[in-house]
Amino acid sequence: MIDQPYASAYELGPIRPPSESTSLLVRVTRNCPWNTCAFCSVYKGRRFEKRSVSDIKAEIDLIARTAAALRERFSVGPEEGLDSSCALEILRSLAASTAEKHTAMWLQRGAKHVFLQDADSLVIPPRKIVEILEHLRRRFPQVSRVTSYARSRTLVARSEKQLREMKDAGLTRIHIGLESGSDRVLKMVSKGCRFDHHVEGGRRAVEVGFEVCCYVMPGLGGRALSREHVEKTAEAISKIAPGHLRLRTLWIDPGSPLRRMADDGLFEPLEEHEVVQEIRDMLLSIKSGASVNTRVVSDHDRNLLLDVEGALPGDLGELVAVCDRFLTLDPDERDGFVAGRRAGLVSGLGRYLTLDPVEKDRLVELAKELKAAGGGSLVKGMMDGLRRRSI
Ligand code: SF4
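Basis of the calculations
- Residues numbered from 1 in each chain as written.
- Predicted model: local features only at pLDDT ≥ 70, side-chain atom pairs only at ≥ 80, totals over all residues.
- Helix = DSSP H or I, 4+ residues; strand = E, 2+ residues; numbered from the N terminus.
- Rg over C-alpha atoms; globule rule 2.2 N^0.38 Å.
- Buried ≥ 20, exposed ≤ 12 C-beta atoms within 10 Å, placed from the backbone.
- Contact = placed C-beta atoms within 7 Å.
- Axes fitted to C-alpha atoms, helices over the stretch in contact; angles between N-to-C directions.
- Parallel < 35°, antiparallel > 145°, perpendicular 65-115°, else oblique.
- Left-handed = near helix turned anticlockwise from the far one by under 90°.
- Nonpolar A, V, L, I, M, F, W, Y, C, P; charged D, E, K, R; others polar.
- Near = placed C-beta within 6 Å.
- Core = buried A, V, L, I, M, F, W, Y, C linked by C-beta atoms within 7 Å.
- Domains from an automatic or database assignment.
- Pairing = 2+ DSSP bridges.
- pLDDT = per-residue confidence, 0-100.
- Expected span 1.5 Å × (residues − 1).

> Please set out the overall build of the protein residue by residue, giving values where relevant.
Counting secondary structure elements, the protein contains 16 helices and 10 strands. In terms of C-alpha radius of gyration, the protein reaches 22 Å, essentially the compact-globule figure of 21 Å for 391 residues. Here the protein holds 391 residues, and the buried ones make up 44% of them. By sequence separation, contacts in the protein at least 24 residues apart represent 75% of the contacts at least 6 residues apart.

Printed below as a string of structure tokens:
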């Protein structure tokens with residue numbers, strides 16, 4: 001998580017998608033215009049604000065000047081990046097500004113990608129987005145990818161013509177937080193969108209020619225709505241046919257409204273193996289046409305299995321096999337992996353399976369303790385137990 005006071009000359013929002021780790025971050029708005037999703041605590045307590053286009057353009061100019069100065073200082077040409085030793089020198093310097101540090105990292109990573117922050121940049125008037133994109137292109141003609149989060153309701157509010165103008169001005173990829181296709185799940189977590197918004201907004205973005213990344217949240221239906229969550233999410237993905245399907249397993253943050261619902265017995269979280277079963281069922285339920293190539297990506301640490309990666313429909317068998325490898329473990333061994341992975345003690349299932357038996361037993365015992373603390377539920381035991389133990 002990046003945190004930066006607003007007063008800085010170059011302003012950074014708190015998050016970006018993991019796939020934007022090489023991107024220059026350009027903050028178009030502050031926080032989230034919706035900000036009521038029960039599972040999300042990122043922007044809670046922070047007010048949504050639109051930034052002025054002149055401020056945003058001034059920051060883009062600042063980055064352009066900083067990039068030119070860094071290239072001159074390290075004697076690299078206008079098209080060249082910084083090597084890692086030069087970038088490290090800036091990052092370690094106590095005197096370097098946020099703009100210098102961020103620009104040094106961006107140059108070292110190729111300076112090809114830009115991400116517009118925060119939660120729903122396309123909510124500002126389309127002509128302003130176009131003005132920002134055109135300015136970016138003038139200052140950084142080498143940039144090949146400009147991306148943004150967009151709520152599906154915002155996409156529905158944009159005409160095809162407006163989206164096409166943004167695409168023509170340089171926006172290439174849109175990240176949509178779908179979370180679920182089930183109207184009941186979406187209502188339960190106050191997502192502010194329905195199945196129809198997701199499909200209409202997502203389809204429009206695909207048809208205009210954007211690369212579309214849809215994020216879905218296995219586990220979000222809890223026990224009561226699990227089946228419907230799987231079926232309707234798979235249906236939404238089948239209809240949108242996005243280029244990327246990104247998995248973001250539900251993780252109930254302390255202080256989030258969903259945590260209060262869970263504490264009050266209004267939401268029963270699934271155990272981790274049930275969530276993996278949901279992922280397996282969802283992948284099997286997606287109807288990909290032969291011409292569709294949706295890449296499934298598990299690129300967030302909240303996912304238990306980080307190797308559920310491949311393209312649909314071609315790699316479906318392999319994706320299901322990754323889930324089955326975990327699901328068919330002995331239940332105690334499975335719990336031991338879950339506890340070890342969530343405590344940050346093992347990186348993946350392959351590593352866990354090759355652990356020394358003594359170490360593995362230790363994790364199985366840890367899982368049993370957590371499960372007992374959670375009244376027979378490992379996931380409930382982990383919600384507090386792992387934090388208290390500071391493992
Ligand atoms: S729209 Fe996104 S950023 Fe805003 S509250 Fe919902 S999940 Fe969080």
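> Summarise the packing of helix H8 (residues 195–208) against helix H9 (residues 226–240); cite the residues concerned and give the values.
Viewed as axis vectors pointing N to C, H8 and H9 meet at an angle of 25°, and their least axial separation amounts to 8 Å. Taken together, the axes of H8 and H9 are roughly parallel relative to one another. For the crossing formed where H8 meets H9, the hand is right-handed. Judged by residue contacts, Phe195, His198, Val199, Gly202, Arg203 and Val206 of H8 engage Lys232, Ala236, Lys239 and Ile240 from H9. When the residues that make up the contact of H8 with H9 are grouped by side-chain class, the tally is 5 nonpolar, 2 polar and 3 charged.

> I'd like to hear about the site of the ligand, residue by residue, with values.
In the vicinity of the ligand, the contacting residues are Cys32, Trp34, Asn35, Cys37, Cys40, Val42, Tyr43, Ala119, Arg151 and Gly177. Here the shell around the ligand is composed, by residue class, of 7 nonpolar, 2 polar and 1 charged.

> So what's going on with the environment of Gly317? Which residues, and what values?
Mapped onto the elements, Gly317 comes out in helix H12 (residues 316–327). Under the C-beta neighbour-count criterion, Gly317 is labelled exposed, with 9 such atoms within 10 Å.

> Explain the nonpolar core residue by residue, including any values.
Counting 100 residues, the largest nonpolar core has Val26, Val189, Val212, Cys214, Ile279 and Val308 as its most contacted members. Residue contributions to this core reach at least three from each of two domains, namely domain 1 (150–328) and domain 2 (330–391). If sequence neighbours within four positions are ignored, Ile279 has contacts with Pro218, Leu247, Val308 and Cys323.

> How would you summarise the pairing of strand S6 (residues 173–179) if you had to cite specific residues and measurements?
In regular strands, side chains alternate between the two faces of the sheet. Of all 7 residues making up S6, 7 are buried, and the element is well covered by its neighbours. Burial along S6 is two-sided: the face carrying Arg173, His175, Gly177 and Glu179 and the face carrying Ile174, Ile176 and Leu178 are both buried. Of the pairings in the sheet, the one linking strand S5 (residues 145–149) to S6 comprises 3 bridges and is parallel in character. Each bridged residue has a counterpart across the sheet, and for Tyr149 the counterpart in S6 is His175. Sheet topology places S6 next to strand S7 (residues 211–216); 6 bridges connect them, and they run parallel. Within S7, the position partnered with Gly177 by the bridge is Tyr215.

> Which residues make up the confidence of the model for the protein, and what values do they have?
Considering every residue of the protein, the mean pLDDT works out to 93; 95% of them sit at 70 or more. The low-confidence segment residues 1–8, where pLDDT is below 50, has 10 contacts with residues more than four positions distant or belonging to other chains.

> For the packing of helix H6 (residues 160–168) against H8, give the residues involved together with the corresponding values.
The packing of two helices is summarised by the inter-axis angle and the distance between the axes. H8 packs onto H6 with a crossing angle of 50° between their chain directions and a minimal axis gap of 10 Å. Comparing their axes, H8 and H6 come out oblique. For the pair H6 and H8, the sense of crossing is right-handed. Across from Glu160, Leu163, Arg164 and Lys167 in H6, the residues of H8 making contact are Arg204, Ala205 and Val208. Of the residues that constitute the contact of H6 with H8, the class distribution is 3 nonpolar, no polar and 4 charged.

> Please provide a residue-by-residue account of H8, values included.
In this model H8 runs 20 Å from its N-terminal to its C-terminal C-alpha over 14 residues, within 8% of the 20 Å that 1.5 Å per residue would give. Taken as a whole, H8 has its buried residues at Phe195, His197, His198, Val199, Gly201, Gly202, Ala205 and Val208. Count one or two residues on from H8 and you reach Gly209, which has phi positive near 110°.

> Requested: an account of unusual backbone geometry, with residues and values cited.
With the exception of glycine, the majority of residues adopt a negative phi angle, and the majority of peptide bonds are in the trans configuration. Following Gln117, the chain continues to Asp118 via a peptide bond in cis, the omega torsion being 0°. Following the sequence through the fold, Asp118 ends up in the loop between strand S4 (113–117) and helix H4 (126–139). Residues Leu312 and Pro313 are joined by a peptide bond in cis, for which omega reads 5°. For Pro313, the position within the fold is in the loop between strand S10 (310–312) and H12.

> Which residues make up the domain arrangement of the protein, and what values go with them?
Often, the extent of an interface is quoted as the loss of accessible area upon association of its parts. Domain boundaries in the protein define domain 1 (150–328) and domain 2 (330–391). Placing a centre on the C-alpha atoms of domain 1 and another on those of domain 2 gives a separation of 27 Å. Between domain 1 and domain 2, the residue contacts involve 11 residues of the former and 9 residues of the latter. Those elements that place two or more of their residues in the side of domain 1 that touches domain 2 are helix H11 (272–285) and H12. Tallied by class, residues from the side of domain 1 that touches domain 2 come to 6 nonpolar, 1 polar and 4 charged.

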